[in-house]
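Fold and geometry: a report
Chain by chain, the residues run as shown.
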2 protein chains.
Amino acid sequence: MSEYSKSGVDLGKIRRYHELVRRTFGGGEIGVGHYANAIKLGDHYLSIHVDGVGTKTLLALQTGIIEPVAQDCLAMNTNDLACVGSRPIIAVDYLALERPNDELVERIIRALKKASEEAEVEIVGGETAVMPGVITGFDLACTVVGVSDRLITGSEVSPGDVIIGLPSSGPHSNGYSLVRRLISEGRLSLKDYAQDLMRPTKFYHKAVLSVLDKVKGASHITGGAYTKVVRVTKHKVVLELPEPPEVFKAIERAGVPEEEMYKVFNMGFGMLIFVDPTSVEEVMRELKKYDEPAIVGKVEEGEGVYVRTYRGTVLRLA
Amino acid sequence: MSEYSKSGVDLGKIRRYHELVRRTFGGGEIGVGHYANAIKLGDHYLSIHVDGVGTKTLLALQTGIIEPVAQDCLAMNTNDLACVGSRPIIAVDYLALERPNDELVERIIRALKKASEEAEVEIVGGETAVMPGVITGFDLACTVVGVSDRLITGSEVSPGDVIIGLPSSGPHSNGYSLVRRLISEGRLSLKDYAQDLMRPTKFYHKAVLSVLDKVKGASHITGGAYTKVVRVTKHKVVLELPEPPEVFKAIERAGVPEEEMYKVFNMGFGMLIFVDPTSVEEVMRELKKYDEPAIVGKVEEGEGVYVRTYRGTVLRLA
């Protein structure tokens, strides 16, 4: 049994639920189960995606660091939309509360506004629901709609392509049921890592969209971490990741097996961008205006997603 | 203190949260705080709305009658979109679970599929999240996107207009924290009213859209019930509602004051359509193809929302 399963989150079950959703709904230009789906509307593609911040809300309440989850909520969606080449334009939020709480609502709404300005996405509505008996603390999810002239699914990715990674700011918004269990069992110090754990998910969409004409595929590293890279390509992906930030090493030291770390956490990179070798130099130059890109892997003949960790371990993750 | 407040849901607080959201976000063609907001996209308007089914999920689990909440979740949104003249086209669902539960997920996903076919709305994606510690039972929300060539906000409604009501199938998806408290206190028999309480929210959007060129305003009766009619018009609204279905009378007998009944529950009508007196006959004829419309009120000079109940009581609700 994995450490994550012991925390009540069974990634195998979630994968099966996603598969059920994919089989049941189908439809759209991309299909269900990619980073986002889209429909044709006139000459454009309209993309839509929904995602929440998971149980990070409980850690927000525990630490009193509330605001970052607002950005998490938007970024989980804007980054996913960018992975299919879509520019996020509007959003709605869904805030469900255990009970009325003026200070909490005000802090979240203001933080959503601030994050939406940074993301250049307009929040045009939302639902604030009080749900005693269903919600403990609060739950926060967003739906974001984007537009594009074309869609990127990764179908153009081919052996020889280079994978550029954009650094993460921490675990972003995934793996928090596991993290909270490690904290509650005294295996991870909340005092030492509260700031690292509560840092908001980085917005990657502006960086990705700035080089869109050179992007052959993009993979937002979220729930399921590197196992999800198969969404972008069926070719063999070989990643070589440097030493992760300290917070990930602390989680690993708390007793999470190395392989599970790379299946649950982003381990330092929140976005992978697949480009043709001839575009690498230009893309790296452009991305440096937004972030600190690093070449972290390549696409090869064959199949499977492999990661060579900083310790030299080679893991097959998918 | 109202009966609803005693159940943990303070409508005054929720109104203040909605007002905060409206002030903070602004933007869009309609603005935040109406039934749905919209943006201009090329020659069309793109509308978006998010809503959940509230604590009806707990009653679903208690009764084992799960499927209706899937339709609730879509209908709460498609009906709101129709109120601004928008035809719903695509949706995403957000299902948050306490723990993995294969049977529950399968029943909900299949019911969502069935409801989406009836609604003629395509579900193009969704999120299924397991959130131990945040969720008890499950939470279900949807975001629906619609398109239209023009928007209806009620600005054309004027004194003399006739209000046509479309019957509800029960309390739909509002007031369930209050209903559950009445049940748990032994004031309302779940055994006698389980079927009535679990009936799904009716889809009204096809009926409304079928007469759209004659609709001057439309009001979906949901949370806040008839107090929300002020969204559609600032003119005086005078409603005369017939005897409500038995389930509402049973809730009232359980100890909810008459005025609160009309501020929390739809009391038998889920959709109000505002039309010019010259259009009434034609609109009624068309609506009869979809439902059993009834003339339930009129717009007068002045302000306020008044309801004359079947007992003859006149209530000012807003």
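Residues numbered from 1 in each chain as written. Chains lettered and ligands numbered in written order. Predicted model: local features only at pLDDT ≥ 70, side-chain atom pairs only at ≥ 80, totals over all residues. Heavy atoms only, no water.

To continue, consider the sheet that holds strand β2 (residues 44-52) of chain A. Spatially, β1-β2-β5-β3-β4 (chain A) is the arrangement adopted by the five strands of the open sheet, whose pairing is mixed. Two strands close off the open sheet at either side, each with one partner strand: β1 (37-41) and β4 (122-130) of chain A. Averaged over neighbouring strand pairs, the angle between their axes works out to 20 degrees when direction is ignored. The sheet contact formed by β1 of chain A and β2 of chain A spans five bridges and is antiparallel. In the sheet register, Leu41 of chain A faces β2 of chain A, and the bridge partner there is His44 of chain A. Running over the sheet, helix α4 (residues 68-83) of chain A touches β2, β3 (87-97), β4 and β5 (138-148) of chain A and is turned about 30 degrees from β5 of chain A. Sheet strands touched by helix α2 (residues 11-25) of chain B: β3 and β4 of chain A. Its angle to β4 of chain A, the strand with the most contacts, is close to 170 degrees. (Pairing = 2+ DSSP bridges. Helix = DSSP H or I, 4+ residues; strand = E, 2+ residues; numbered from the N terminus. Axes fitted to C-alpha atoms, helices over the stretch in contact; angles between N-to-C directions. Contact = heavy atoms within 4.5 Å.)

So, on to the relation of the copies chain B and chain A. Between chain B and chain A, which share one sequence, the superposing operator has a rotation angle of 180 degrees and an axial displacement of 0.0 Å; the RMSD is 0.0 Å. Taken together, the rotation and translation describe the operation of a two-fold axis. Of every C-alpha in chain B, the one belonging to Ile135 of chain B sits nearest the axis of rotation, 2.5 Å from it. Taken together, the interface assignments show that 100% of the residues at the interface of chain B recur at the interface of chain A, consistent with an identical surface on both copies. (Least-squares fit on C-alpha atoms with pLDDT ≥ 70 in both.)

Attention shifts here to the environment of Gly217 of chain B. Residue and element names in this part refer to chain B. Note on placement: Gly217 falls in strand β7 (residues 215-220). Judged by relative accessible area, Gly217 falls into the buried class, the value being 0%. A sequence separation of 41 residues divides Gly217 from Tyr176, and the C-alpha atoms of the two residues are 27 Å apart. Those residues in contact with Gly217 that lie beyond four places of it in its chain are Ile152, Gly154, Val157, Val232, Leu272, Ile273 and Phe274. (Buried < 20%, exposed > 50% of the residue type's maximum accessible area, 1.4 Å probe, protein only.)

Let us look at the domain arrangement of chain A. All names here are of chain A. By domain assignment, chain A separates into domain 1 (3-148) and domain 2 (162-316). Contact residues are listed per partner, giving 39 residues for domain 1 and 43 residues for domain 2. A combined buried area of about 3,400 Å² lies between domain 1 and domain 2, and 61% of that area is made up of carbon and sulfur atoms. Ranking the residues of domain 1 by area buried against domain 2 places Glu3, Tyr35 and Leu59 at the top, with a combined share of 20%. At the boundary of domain 1 with domain 2, the tally comes to three salt bridges. Here domain 1 is connected to domain 2 by 25 residue pairs in polar contact (both at pLDDT 80 or more). Where the side of domain 1 that touches domain 2 is concerned, the elements lending two or more residues are α1 (3-6), α3 (56-63), α4, β3 and α5 (102-119). Here the element with the most residues in the side of domain 1 that touches domain 2 is α4; it accounts for twelve residues. Taken together, the residues of the side of domain 1 that touches domain 2 sort by class into 19 nonpolar, twelve polar and eight charged. (Domains from an automatic or database assignment. Buried area = accessible area lost by both parts, 1.4 Å probe. Salt bridge = Lys/Arg side-chain N within 4 Å of Asp/Glu carboxyl O. Polar contact = N/O pair within 3.5 Å; in protein donor to acceptor, adjacent residues only side chain to side chain. Nonpolar A, V, L, I, M, F, W, Y, C, P; charged D, E, K, R; others polar.)

According to the stated counting rule, one finds three aromatic pairs over all chains in the structure shown. An angle of 65 degrees between the planes, with centres 6.1 Å apart, marks the rings of Tyr94 of chain A and Tyr94 of chain B as edge-to-face. A residue pair is termed interchain when its members come from two chains, as with Tyr94 of chain A in strand β3 and Tyr94 of chain B in strand β3 (residues 87-97). For the pair formed by Tyr94 of chain A and Tyr94 of chain B, the shared burial category is buried. Residues Phe248 of chain A and Phe265 of chain A carry aromatic rings whose centres are separated by 6.3 Å and whose planes lie at 65 degrees to one another, so their mutual orientation is edge-to-face. Here the residue Phe248 of chain A occupies a position in helix α9 (residues 246-253), and Phe265 of chain A occupies one in the loop between α10 (258-264) and β9 (269-275), the gap between them amounting to 17 residues. (Phe/Tyr/Trp six-rings, centres within 6.5 Å; stacked < 30°, edge-to-face > 60°.)

Where strands meet in a sheet, backbone hydrogen bonds hold them as pairs that are either parallel or antiparallel. All names here are of chain B. One open sheet holds the five strands; their spatial order is β1-β2-β5-β3-β4, and the pairing between them is mixed. Every other strand in the sheet has two partners, leaving β1 (37-41) and β4 (122-130) as the edge strands with one partner each. Strand-to-strand twist across the sheet, computed as the mean angle between neighbouring axes with direction ignored, equals 20 degrees. Sheet topology note: the β3/strand β5 (residues 138-148) ladder contains ten bridges and is antiparallel. Its bridge partner lying in β5, Ala96 is registered against Asp139. Here helix α5 (residues 102-119) sits on the sheet in contact with β3, β4 and β5, set at roughly 170 degrees to β3.

Our focus in this paragraph is the interface of chain B and chain A. Contacts between the two partners involve 67 residues from chain B, matched on the other side by 67 residues from chain A. Where chain B abuts chain A, roughly 5,500 Å² becomes buried across the two surfaces, and 70% of that area is made up of carbon and sulfur atoms. For chain B, the biggest contributors to the area lost against chain A are Tyr17, Phe25 and Val134 of chain B; these three give 13% of the whole. Notably, a salt bridge pairs Lys13 of chain A with Asp102 of chain B, separated by 3.0 Å at the nearest N-O pair. On the surface where chain B and chain A come into contact, there are 17 residue pairs in polar contact (both at pLDDT 80 or more). Element by element, the count of residues in the side of chain B that touches chain A is highest for α2 of chain B, at nine residues. A per-class count over the side of chain B that touches chain A returns 34 nonpolar, 20 polar and 13 charged.

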